[in-house]
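Chain and residue survey
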Amino acid sequence: MTGQGFTAVTDLSVPVDLAAAMGSLWDALTPEGAAMRSPDAERAVRAALDRDLGAPWRSFADSVRARLSQHPYSVVVRGVGAVSPRPLLVALALTVGDLVNPYWGRVPVDFIQEIVAKGPRSPDLVWLWHTDSANWPVPNDYSALTCVRAAPAGGATETLSLDTMRSCPSWRDSELEPLWASDFDWEIDRYLGGGTMTAPA
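The structure contained in this document is the topic of the report that follows. (Residues numbered from 1 in each chain as written. Predicted model: local features only at pLDDT ≥ 70, side-chain atom pairs only at ≥ 80, totals over all residues. Heavy atoms only, no water.)

Looking at the secondary structure, you find Asp189 in the loop between strand 3 (184-187) and strand 4 (196-199). Buried charge Asp189 goes without a salt bridge, the closest partner of opposite sign being Arg190 at 5.4 Å. In terms of polar contacts, Asp189 uses its side chain to reach the side chain of Tyr103, at 2.8 Å. In this view, Asp189 contacts Tyr103, Asn135 and Gly194; residues no more than four positions away in its chain are not counted. (Helix = DSSP H or I, 4+ residues; strand = E, 2+ residues; numbered from the N terminus. Buried < 20%, exposed > 50% of the residue type's maximum accessible area, 1.4 Å probe, protein only. Lys, Arg positive; Asp, Glu negative; His and termini not counted. Salt bridge = Lys/Arg side-chain N within 4 Å of Asp/Glu carboxyl O. Polar contact = N/O pair within 3.5 Å; in protein donor to acceptor, adjacent residues only side chain to side chain. Contact = heavy atoms within 4.5 Å.)

Next up, the structure:
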């Protein structure tokens with residue numbers, strides 16, 4: 001999203017040799033390791049990335065983290081050729097923290113969940129503006145999205161931060177302050193225990 005008061009999201013391209021090495025590393029994992037459902041599996045992949053990809057990988061990971069630490073707190077990472085999205089997504093996610101999915105063990109779900117367009121008449125409004133993991137007991141710090149297949153039309157993901165809103169001349173802090181200064185009741189998904197959580201936006 002660009003325009004007055006908006007900042008374009010930075011694009012990064014994965015070097016060809018790194019992309020190939022990620023794919024080879026992933027192919028060598030056991031099915032249990034590739035499921036990425038334990039701290040041991042995450043530690044093993046982090047160690048393999050550092051060992052097998054070395055300084056070029058660490059430099060690329062530093063670039064990703066640097067862009068996420070500054071406005072607009074987003075980065076688009078583009079793969080190369082026929083790179084599978086799974087190893088790339090896992091490698092990038094592990095550069096900023098642990099993989100988190102509270103639905104594991106509660107409902108059958110993979111760590112890559114495909115979001116299918118449901119149309120404007122759907123009662124599920126997740127395709128509109130929303131805050132990721134707002135229905136979790138503990139929200140995540142980062143969300144990682146990957147393109148599973150090219151959209152026939154549209155398909156763009158827009159992000160909006162409070163800093164972006166505050167930079168727009170038409171907005172005043174007095175109007176936005178309740179979002180970070182006031183508590184709201186957030187409904188927790190029934191699969192995660194239900195109830196509500198009280199916190200600022």
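Tallied over the entire structure, the rule returns one aromatic pair. Positioned above the aromatic ring of Tyr191 is the side chain of Arg190, whose terminal nitrogen or guanidinium carbon lies 4.4 Å from the ring centre. (Phe/Tyr/Trp six-rings, centres within 6.5 Å; stacked < 30°, edge-to-face > 60°. Lys NZ or Arg CZ within 6 Å of the ring centre and 35° of its normal.)

Taking the relative accessible area as the measure of exposure, Asp189 reaches 18% and is therefore buried. Along the primary structure Asp189 and Pro137 are separated by 52 residues, whereas in three dimensions their C-alpha atoms are 8.5 Å apart.

Before going further, it helps to spend a moment on the nonpolar core. Core analysis: the largest hydrophobic core is formed by 28 residues, its most contacted members being Met36, Trp57 and Phe60. Looking at this core, the elements that each hand over two or more residues are helix 1 (16-27), helix 3 (39-68) and helix 4 (85-96). At 10 residues, the largest contribution of residues to this core is made by helix 3. If sequence neighbours within four positions are ignored, Trp57 has contacts with Leu18, Met22, Leu49, Ala91, Leu92 and Thr95. (Core = buried A, V, L, I, M, F, W, Y, C linked by side-chain atoms within 4.5 Å.)

Inspection of the entire model under this criterion finds seven salt bridges. Across the pair Asp40 and Arg43 runs a salt bridge, and its minimum N-O distance is 2.3 Å. Pair noted here: Asp40 and Arg43 are both in helix 3, with a separation of three residues, about one helical turn. Owing to a relative accessible area of 53%, Asp40 belongs among the exposed residues under this scheme. Residue Asp98 pairs with Arg46 through a salt bridge whose shortest N-O separation is 3.2 Å. One end of the pair, Asp98, is in the loop between helix 4 and helix 5 (162-167); the other, Arg46, is in helix 3, and 52 residues separate them in sequence. Residue Arg46 is classed as partly exposed on the basis of its relative accessible area of 28%.

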